[in-house]
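# Summary of structural features
Residues per chain, in single letters:
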Amino acid sequence: METRITAYPSNIQNEQLVLGHMFRDNHLFWKINSFLKDSHFFEPVHQRIYAAFCEAIEKGAVTPVTLKAQFDEDIQLKPIGGAEYLAKVTCMAIMPVYDMEGSANLILDLARRRDLINLGIKTAAEAQDMQSQQDVSSLASSVLSAASAIISDTKATSFKDGYGVVSDIMAG
């Protein structure tokens, strides 16, 4: 049975909301920055916006205006509105009560799922490579080691509140 990946798990709207709420209330960033990294975002533009936010927050308050110059001529941002996209995601974040930690955990959970999918694809390719000098036992060992690293990284970086980690909630 062959499994084809048609789409990687992601939630672009959730990523936009996290970024927008960070712009609206910079204090929310400090609730998630210890575990959420730019590489956890699915959308490359969101990765770059989050990284720029992380760098700029060290110098003071961050708004779409403070990052506008950095993203004004951004080639990847132009098709979605250029620097105005920063204002757009800020405007999307209109809910006054917002579960920043839960939304950030969803981004992290989906990133880990993508990591596991990529590990599966790599494992399948290596297992099918009949020219490989690697024996099955060492291949299995390396897969288990890589999966353990993903799992331990998730446990070490997840924020758990009274409601539990988002992946626990989604699992039922």
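The structure displayed is predicted, hence computed values, not measured ones.

Calculation notes
Residues numbered from 1 in each chain as written. Predicted model: local features only at pLDDT ≥ 70, side-chain atom pairs only at ≥ 80, totals over all residues. Heavy atoms only, no water. Core = buried A, V, L, I, M, F, W, Y, C linked by side-chain atoms within 4.5 Å. Buried < 20%, exposed > 50% of the residue type's maximum accessible area, 1.4 Å probe, protein only. Helix = DSSP H or I, 4+ residues; strand = E, 2+ residues; numbered from the N terminus. Contact = heavy atoms within 4.5 Å. pLDDT = per-residue confidence, 0-100. Expected span 1.5 Å × (residues − 1). Salt bridge = Lys/Arg side-chain N within 4 Å of Asp/Glu carboxyl O. Axes fitted to C-alpha atoms, helices over the stretch in contact; angles between N-to-C directions. Parallel < 35°, antiparallel > 145°, perpendicular 65-115°, else oblique. Nonpolar A, V, L, I, M, F, W, Y, C, P; charged D, E, K, R; others polar.

Below, the discussion takes up the nonpolar core. In globular proteins that are soluble, nonpolar side chains generally tend to be buried together. Grouped together as the largest cluster of nonpolar side chains are 30 residues, with contacts concentrated most on Val18, Met22, Ile32 and Leu36. Sorting the residues of this core by element identifies helix H1 (12-24), helix H2 (29-32), helix H3 (44-57), helix H4 (64-71), helix H5 (84-92) and helix H6 (100-128) as the ones contributing at least two each. Tallying contributions element by element places H3 first for this core, with seven residues. Dropping the residues within four chain positions of it, Leu36 is found in contact with Val18, Phe41, Tyr50, Ala104, Ile107 and Leu108.

So, on to the confidence of the model for the protein chain. With 85% of its residues at a pLDDT of 70 or more, the protein chain has an overall mean of 85. Note on residues 159-172: pLDDT is under 50 here. Beyond four places in sequence and across chains, it has 16 contacts.

In this model, H1 (13 residues) spans 18 Å end to end at C-alpha, consistent with the 18 Å of a helix rising 1.5 Å per residue. Counting buried residues in H1 gives ten out of 13 residues, a clear majority hidden from the surface. For H1, the complete set of buried residues consists of Asn14, Glu15, Gln16, Leu17, Val18, Leu19, Gly20, His21, Met22 and Phe23. Buried residues belonging to H1 abut H2, H3, H4, H5 and H6.

Oppositely charged side chains are able to pair whenever their charged atoms sit close together. The tally for this structure, following the rule as stated, stands at seven salt bridges. Put simply, Arg48 and Asp74 hold a salt bridge, and the shortest N to O gap is 1.8 Å. Of this pair, Arg48 sits in helix H3 while Asp74 is found in the loop between H4 and H5, placing the two residues 26 residues apart along the sequence. Note on Arg48: relative accessible area 32%, which makes it partly exposed. Between Lys68 and Asp72 there is a salt bridge whose closest N-O contact spans 3.0 Å. Judged by its relative accessible area of 30%, Asp72 falls in the partly exposed class.

The next thing to look at is the side chain of Ser103. Position of Ser103 relative to the elements: it lies in helix H6. Given a relative accessible area of 11%, Ser103 falls into the buried group. If near-sequence neighbours (up to four positions away) are discounted, Ser103 is found in contact with Asn14, Val18 and Tyr98.

Note on placement: Ala52 falls in helix H3. Under the relative-accessibility criterion, Ala52 is labelled buried at 5%. Taking C-alpha positions, Ala52 is 8.5 Å from Gln70, a pair spaced 18 residues apart along the chain. Excluding its chain neighbours within four sequence positions, the residues that come into contact with Ala52 are Leu67, Gln70 and Phe71.

As a packed pair, H1 and H5 sit with axes 7 Å apart at the nearest point and diverge in direction by 90 degrees. Accordingly, the angle class assigned to the pair H1 and H5 is roughly perpendicular. Where H1 abuts H5, its residues Gln13, Gln16, Leu17, Leu19, Gly20, Phe23 and Arg24 lie against Tyr85, Leu86, Val89, Thr90, Cys91 and Met92. Here the residues of the contact of H1 with H5 sort into eight nonpolar, four polar and one charged.

Close contact between H4 and H5 brings their axes to 8 Å; oriented N to C, the two are set at 150 degrees. If you check the angle between H4 and H5, you find them roughly antiparallel. Between H4 and H5, the residues in contact are Pro64, Leu67, Lys68 and Phe71 and Leu86, Ala87 and Thr90, respectively. Here the contact of H4 with H5 is composed, by residue class, of five nonpolar, one polar and one charged.

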